[in-house]
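# Geometric and topological summary
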Protein chains: 2
Amino acid sequence: MSLDPARLAPMANAIRALSMDAVQAANIGHPGMPMGMADVATVLWSEFLKFDPADPKWPDRDRFVLSAGHGSMLIYALLHLTGYERPTMDDIRNFRQLGSPCAGHPENFLLDGVEATTGPLGQGLAMAVGMAIAERHLNAKFGDDLVDHHTWVVAGDGCLMEGINHEAIGLAGHLGLGRLIVLWDDNDVTIDGHTDLSTSEDIPARYRATGWHTVACDGHDPADIRRALAEAKADPRPSLVACKTVIGKGAPNKQGTSAVHGNPLGADEIAAARVYLKWDAPAFEIPADIMVDWRSLGAKGAEANRAWQGRLGGNALKDEFEGQLSEIASLAPPILEPHIAALAKDPPKVASRKASEMALEPLTQQLPQLIGGSADLTGSNNTKTSSTKPFSKNDYSGRYLYYGIREFGMAAAMNGMALHGGVVPYGGTFLVFSDYCRNAIRLSALQQVRVVYVLTHDSIGLGEDGPTHQPIEHVMSLRLIPNLNVFRPADAIETAECWALALGTPKTPSVLSLTRQNLPPVRTDGGAENRSARGAYRLRAATAERKVVIMATGSEVHVAIACAEQLESEGIGADVVSMPCMELFEAQDEAFRRDLLPADTLKVSVEAGVTLGWDRFIGNDGLAIGLDRFGASAPAEVLFRHFGFSAEAIVPKIKDKLAV
Amino acid sequence: MSLDPARLAPMANAIRALSMDAVQAANIGHPGMPMGMADVATVLWSEFLKFDPADPKWPDRDRFVLSAGHGSMLIYALLHLTGYERPTMDDIRNFRQLGSPCAGHPENFLLDGVEATTGPLGQGLAMAVGMAIAERHLNAKFGDDLVDHHTWVVAGDGCLMEGINHEAIGLAGHLGLGRLIVLWDDNDVTIDGHTDLSTSEDIPARYRATGWHTVACDGHDPADIRRALAEAKADPRPSLVACKTVIGKGAPNKQGTSAVHGNPLGADEIAAARVYLKWDAPAFEIPADIMVDWRSLGAKGAEANRAWQGRLGGNALKDEFEGQLSEIASLAPPILEPHIAALAKDPPKVASRKASEMALEPLTQQLPQLIGGSADLTGSNNTKTSSTKPFSKNDYSGRYLYYGIREFGMAAAMNGMALHGGVVPYGGTFLVFSDYCRNAIRLSALQQVRVVYVLTHDSIGLGEDGPTHQPIEHVMSLRLIPNLNVFRPADAIETAECWALALGTPKTPSVLSLTRQNLPPVRTDGGAENRSARGAYRLRAATAERKVVIMATGSEVHVAIACAEQLESEGIGADVVSMPCMELFEAQDEAFRRDLLPADTLKVSVEAGVTLGWDRFIGNDGLAIGLDRFGASAPAEVLFRHFGFSAEAIVPKIKDKLAV
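Residues numbered from 1 in each chain as written. Chains lettered and ligands numbered in written order. Predicted model: local features only at pLDDT ≥ 70, side-chain atom pairs only at ≥ 80, totals over all residues. Heavy atoms only, no water.

Residues and elements named next belong to chain B. For the structure on display, the rule yields 38 aromatic pairs over all chains. Measuring from ring centre to ring centre gives 5.2 Å for Phe 142 and Phe 321, while their planes differ by 85°; the resulting arrangement is edge-to-face. Separated by 179 residues along the polypeptide, Phe 142 in helix 6 (residues 123-142) and Phe 321 in helix 13 (residues 318-325) bring together distant segments of the chain. The buried category is assigned to Phe 321, whose relative accessible area is 3%. (Phe/Tyr/Trp six-rings, centres within 6.5 Å; stacked < 30°, edge-to-face > 60°. Helix = DSSP H or I, 4+ residues; strand = E, 2+ residues; numbered from the N terminus. Buried < 20%, exposed > 50% of the residue type's maximum accessible area, 1.4 Å probe, protein only.)

Looking now at the pairing of strand 2 (residues 151-155) of chain A. Consecutive side chains along a regular strand alternate between the two faces of the sheet. All names here are of chain A. For strand 2, a buried count of 5 out of 5 residues is recorded, marking the element as mostly surrounded by other parts of the structure. Here strand 2 shows no split at all, with Thr 151, Val 153 and Ala 155 on one side and Trp 152 and Val 154 on the other all buried. Where strand 1 (residues 63-66) meets strand 2, 4 bridges bridge the pair, whose relative direction is parallel. Bridge pairing links Leu 66 to Val 154 in strand 2. (Pairing = 2+ DSSP bridges.)

This part is about the relation of the copies chain B and chain A. Overlaying chain B with chain A gives an RMSD of 0.0 Å, the required rotation being 180° about an axis along which the chain moves by 0.0 Å. One copy is carried onto the other by what is essentially a two-fold rotation axis. The C-alpha atom lying nearest the rotation axis in chain B is that of Gly 163 of chain B; the distance is 1.9 Å. Taken as a fraction of all interface residues of chain B, those also at the interface in chain A reach 100%, which identifies the copy contact as same-surface. (Least-squares fit on C-alpha atoms with pLDDT ≥ 70 in both. Contact = heavy atoms within 4.5 Å.)

Often, the extent of an interface is quoted as the loss of accessible area upon association of its parts. If you look at the interface, chain B gives 97 residues, while chain A gives 97 residues. Here chain B meets chain A over a buried area of about 8,100 Å², counting both sides, of which 59% is carbon and sulfur. Across the pair Asp 435 of chain A and Arg 438 of chain B runs a salt bridge whose closest N-O atoms are separated by 3.4 Å. At the boundary of chain B with chain A, the tally comes to 55 residue pairs in polar contact (both at pLDDT 80 or more). (Buried area = accessible area lost by both parts, 1.4 Å probe. Salt bridge = Lys/Arg side-chain N within 4 Å of Asp/Glu carboxyl O. Polar contact = N/O pair within 3.5 Å; in protein donor to acceptor, adjacent residues only side chain to side chain.)

Let's shift gears to the packing of helix 6 of chain B against helix 17 (residues 407-420) of chain B. Residues and elements named next belong to chain B. Following both chains from N to C, one finds helix 6 and helix 17 inclined at 55°, their axes separated by 6 Å at the closest point. Here helix 17 runs oblique to helix 6, going by the angle between their axes. As for the relative orientation of helix 6 and helix 17, their crossing is right-handed in sense. Residues Gln 123, Ala 126, Met 127, Gly 130, Met 131, Ile 133, Ala 134, Glu 135 and Leu 138 of helix 6 pack against Phe 408, Ala 412, Ala 413, Asn 415, Gly 416, Met 417, Leu 419 and His 420 of helix 17. (Axes fitted to C-alpha atoms, helices over the stretch in contact; angles between N-to-C directions. Parallel < 35°, antiparallel > 145°, perpendicular 65-115°, else oblique. Left-handed = near helix turned anticlockwise from the far one by under 90°.)

We now examine the sheet that holds strand 10 (residues 400-402) of chain A. Residues and elements named next belong to chain A. In spatial order, the strands read 10-9-11-12-14-13; together these 6 strands make up an open sheet with parallel pairing. Strands at the two margins of the open sheet, each flanked by one partner only, are strand 10 and strand 13 (485-487). The sheet shows a mean angle of 20° between the axes of neighbouring strands, taken without regard to direction. Taken together, the 3 bridges between strand 9 (residues 370-374) and strand 11 (residues 424-430) define a ladder with parallel strand orientation. Bridged to Ile 371 within strand 11 is Pro 425. In the packing of helix 17 (residues 407-420) onto the sheet, the strands contacted are strand 9, strand 10, strand 11 and strand 12 (452-456), and the crossing angle to strand 11 comes to about 165°.

See the structure below:
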């Protein structure tokens, strides 16, 4: 259905007016993109996008992702104009002020209709790939009647220059995600100036080289935009629509220059724009007839939603569909109970990456929501299970993604899947390459989505690959990210407990830091009580009078036990505290923490990584056993000995501290 | 000059034999790539590469970068065979053992001839772009007689799938770096299996879309390889040579499969390979005639080097050339002395990013080695000075790079420039986007190169852009990287001091963490003594009896002063310690540290970031004022107030702790 072109122009100008006025009121922001893309957005939202402002979480809605997140006023204007409950006009008046949901960049946790937090360039596009994956997977399971939507992305030159866009489109092209359509705001301008300062790429040719369909249009001609979007929608491949636009379109003296990218237009230019656009309404007011046109779109969406609800009601898969979309937080522990009980009977000596695979077997078997994958390290990360078949262009029902050597693309895609809903993603790489996807891990945390990062080869214990591959600072540096739980389990039972905890936090992502090398079991109990749940626990109590508490994580817990045993044999009482999750331990009350780490004993930390951060737990006069330098290339056992992670090396240091 | 093809095959087989034998001896490693690329490498090193084993640091040598660093035995074999002093055959026998320079992945600090540490995929290629930039820049200054070399890269499918390769080739294509030639080991295999599991990209088409020349060859046919390399060398554009190879070529039963990528062949397959390759020599022995052929190449290089030395001797620019290549560590402080003296006379209230620009003015004016740039945030990072003209395809003499929106590509390119020598790179982005280039920052540190990261907008003080753009964990997480100095200066004088320190460490990279917002001056002295040099210093001594020491960094130092003033006004003595560099402070002796942070006072840290890490300095009963959550979108001053970074909020907490 095409709207009268004469009515589209004022609708688009409403976006322009709100954008320039809100940025001006805040005296900071980015008017260029929303003004430049106003015409494209108006055609998209009025004629293509499937959405229902009254039901923002409608599962079969189209997803709209503003990858060029600095142009946040575009989405705020669209949400307000089409009748979402928020943002109100007052919210928009308070653009970029404390308490307003209209933050500088769109935040998914502040506004319905903002499908993803964007701003870090390229990631919106890469998250959209994950949304498109989730859509095809659910479609393969539940059919067109229940799952049949598109993912639309607005991306700027910045998004398309970032490396992550290469990873994202490579994945999307390979997987044939035809319902993914990227609208490129092709305006030739970046912050530093004209794009020819820094790039001379034929972007559409690059997209075609990765299996994409491309089409171009005049981003200010509604008929041409409509033609291009229709062509993109019809093509079975993912599509790039190059929308040739003038940045800041409507600001007669500044449009087309980098000056409008990230600065308020100023009162004079706004006045000139009002004349140029024939926009008579005062700031933050929308003429009633234009508002009626915008709001009519909402009604159209409600109708589509009602039809979908009808189809759902009569669908044989209704219960299964609703089950797939329901919360799984409480399901993981009971699934893992028999697994842990079996481990407790016959504790295996395995690497924690292998223990993770063992826990994933029952989890993936019983939780159809789980979708696994790895960035080309499937056999090393142990992420594939017997019940997860490959997800491929020819079989979207699969639940295992071969992400390729694309760590950042993988992490962002997992964020997109989690945001889409109906699936719970986990994916693997080496811990050291968390560096490659670190900002996506941060966005998991900021966006409050449950993504589980399976990060293996988590210390010098990976051995011969050497310092480029040996994490030193990574475990601690991931702990620094707010709202992220970093688990470093000590054996197979703790690994299963940590998996249960990771799946139990719908609003907090998790990292599982896992070993390459085999670990002796440190636990023979488990099942009913998840001892890892409070982050740390007393694994071994002193028998002689307690003089020291040795806390350790992961592969160093068994070293701590060896230290304690040697100390006890010399009459020095030693507790061992296993601390699989520092964050959860920190969240406990003081009494619990004091009980585990009492003030009157020497406290020692043992972790094969940087020591900064452990001072909080060992205190002024404690002892931190760690590694504050890069590693080396040698077999794991040689390195652990060389760098002093052994009872032989540690016990004398403890005795020295105790002055015994 | 073409070698007799009949002699090339055994030369290549020498690489294969050493690779399979060394991996077998270590019982871990990657034989597939060196065996697959042995023929290509033999043609390259025998007929194209300019090198002199007796003078590995010859400035005009070609650079050879093994971006697919897991194939490290390829470079170790080549260095040994062509007569570099190291690795010896014993070094190769001890491949991947503690103490051998033949580490799992090539390490530039362990072996001459290893131009870059590689292994983290894609970064070798991206560093090579930096080397090619440095070559063209020095060529523009000193002409073909002195600077006229190529940069050759061996890259695998993994390198070309990583996002960073997109950024790197975009930059190289745009800058027309025709002396950069990438040899793609096109073997259709990754760790997870056939490349068609995860990609269906037309890689040459993508390279052509970014302005590259591409050519293909049979990677096992010397004549065809020669043709392709010659064509690549002749073409004025950067070149991708697609070398169609069989991974593990020579292992008759396993070649062409992912089994040879990262596993020893096993004794049986090695025996079969010896038969297949007609290689009779025992493990770690090279037949004399083959060794003679290899070693003759070294002599050829010595001749070219002598000719170059002759040209240098007679060149009018000899002194300037040698000056450009000399060490600058001692030059920065005297350059900055008058600048600091001027600041001390009239201390300005400026953002530290602006103060950085002010320091860069005299530095770039007097140090021709400095090459600046920014990832599309020039005006925000304040990285461009009046003496740094743009470096562009049309003018390689320029010293300012518009890197585009390519943080990771920029950081890796800077590593490459620093490794190349003759230039000292610095580059800017927002601190939060250090996440995007974190592993390249790590590689600066591991490779021991002086790169200066100008990371601005370093806290919630950036204000309205909100949580995606507000660093919280970044300063502390960068401090965790070994051999990296993180500077967070408090005002213009400290900023200049930190610049002097950053340029003074040839083997340690630096981060300058700088504010967006203006900062009141906290210093009125400076020049002769660099007070930041020991990492921390007493900025303000208590006048009343000292009860508390408030330590702070960067934009929070003036807050600490306000706290101290208020406390003093109430008769509570308070020191203020400014700590612009935690790492340098940690390196001081205990007496110095105890003097600044005495045991018998309350110690308080104030930093607008995570508190974990500060416990080391505040001790058991200290007080850490920080931010352990994501920020928000609002004006900076609102946020600082909201999150409690003010004397009003902090002083009561201090008094509470003091129980006064």
